[in-house]
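Examining the three-dimensional arrangement
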Amino acid sequence: MRHGPGILRYLVLVAFALFALAPVYLVLLASVRGKADLFSAPLALPWPPDLSNYGTVWLDRGFSRFFVNSLVMSAGATAIVVAVAPLAGYAFAKLRFAGREVLFGLFLVGLVLPAPAVIVALYGNLQAMGLLDSRLGVVLPQAAILLPFAVFMMRTIAGEIPDELLEAGTIDGVTPLQAFTRLALPMIMPGVRSLALIVFLFSWQEYLLPLVVIQTEALKPLTVGAAGLQGRYGIDYAGIAAAGVLAFLPIVALFLLLQRSFIRGLAVGAVK
């Protein structure tokens, strides 16, 4: 009887896992089916699998170019956020300066302000700066949109650094910047890696911002380029499924590579 609650909890977790993985399974099946048998026995694994959808999407539909654009935009936004947020979070957590709480409150406003609410004003600003229809016109706003969350996360993590450690460094003549780079940064590095993964994920799946900013076909990312698979007279469901798998694989690979740091980073600062 003592094992009853554990078995029930295990069954519930298995049920949730199956529920979450079912759409992924259906997309994988659709991506390896020919157009002729796309809707016949949709739950059965076709044999042999038809991998021509991937070749068509990657080469003929230009998804290799879209993939590179997504990679450049996501990596650029991630680099900016990772360069700024740890410094800002450390400053808000450990440094004392005038207007600290007011300035941090302004950052928090960005957490509740939806991106569609500022897209019109953002479009005008990008046009005035000459950044429309460019990768930089996507990277900079994307980094700015993600910075409030990033700063909030890094402030929480940096708040767990013992004050005694920083005070000892100050006594030894360490400057505030050296205290961050030599003492604080090694301690919060798991959180920085987690932040990089989260920011890259959000940037990779962004749709509205590049849709508004990018008009040139050669500059579109994966999320916007996939819309081209929906034609006027029909929808290439197998191609859309293959495009979804191609867009999903880098995120899975990155998470598997950084999963240990990701879990450690989320655990840091969770309990005071």
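Residues numbered from 1 in each chain as written. Predicted model: local features only at pLDDT ≥ 70, side-chain atom pairs only at ≥ 80, totals over all residues. Heavy atoms only, no water.

**Some thoughts on the packing of aromatic side chains**
Following the criterion strictly, the structure yields nine aromatic pairs and no others. Judged by centre distance (5.7 Å) and plane angle (75 degrees), the rings of Phe92 and Phe107 are edge-to-face. Of this pair, Phe92 sits in helix α3 (residues 63–94) while Phe107 is found in helix α4 (residues 100–112), placing the two residues 15 residues apart along the sequence. Measuring from centroid to centroid gives 6.5 Å for Phe104 and Phe152, while their planes differ by 20 degrees, and the two rings are stacked. Here the residue Phe104 occupies a position in helix α4, and Phe152 occupies one in helix α6 (residues 136–158), the gap between them amounting to 48 residues. Assessed through its relative accessible area of 5%, Phe104 is described here as buried. In this structure Phe152 comes out as partly exposed when scored by relative accessible area, which is 37%. The rings of Phe92, Phe97, Phe104, Phe107 and Phe152 are connected pair by pair, giving a single aromatic cluster. Over the aromatic face of Phe104 sits the side chain of Arg155, whose NZ or CZ is 4.1 Å from the ring centroid. (Phe/Tyr/Trp six-rings, centres within 6.5 Å; stacked < 30°, edge-to-face > 60°. Helix = DSSP H or I, 4+ residues; strand = E, 2+ residues; numbered from the N terminus. Buried < 20%, exposed > 50% of the residue type's maximum accessible area, 1.4 Å probe, protein only. Lys NZ or Arg CZ within 6 Å of the ring centre and 35° of its normal.)

**Remarks on the environment of Lys94**
Mapped onto the secondary structure, Lys94 falls in helix α3. Separated by 61 residues in the primary sequence, Lys94 and Arg155 place their C-alpha atoms 8.7 Å from one another. Setting aside chain neighbours within four positions, we find Lys94 in contact with Ala158, Gly159, Ile161, Asp163 and Leu166. Only 2.7 Å separates the side chain of Lys94 from the side chain of Asp163, close enough to count as a polar contact. (Contact = heavy atoms within 4.5 Å. Polar contact = N/O pair within 3.5 Å; in protein donor to acceptor, adjacent residues only side chain to side chain.)

**Some words on the confidence of the model for the protein**
Looking at the protein as a whole, the pLDDT averages 83, with 88% of positions reaching at least 70. By mean pLDDT, helix α11 (residues 237–267) is the weakest element of the protein at 76, and α3 is the strongest at 93. (pLDDT = per-residue confidence, 0-100.)

**A closer look at the side chain of Ser203**
Within the element layout of this structure, Ser203 appears in helix α8 (residues 176–204). Leave out the neighbours within four places in its chain, and Ser203 touches Ser74, Ala77, Gln142 and Leu146.

**Digging into the pattern of salt bridges**
Inspection of the entire model under this criterion finds four salt bridges. The salt bridge partner of Lys94 is Asp163, with a shortest N-O separation of 2.7 Å. Of the two residues, Lys94 sits in helix α3 while Asp163 sits in helix α7 (residues 163–171), which places them 69 residues apart along the sequence. Since its relative accessible area comes to 40%, Asp163 is described here as partly exposed. Glu101 serves as the salt-bridge partner of Arg100, at 3.2 Å between the closest nitrogen and oxygen. For Arg100, a relative accessible area of 16% translates into the label buried. Three or more residues joined by partner-sharing salt bridges are found here, namely Arg100, Glu101 and Arg155. (Salt bridge = Lys/Arg side-chain N within 4 Å of Asp/Glu carboxyl O.)

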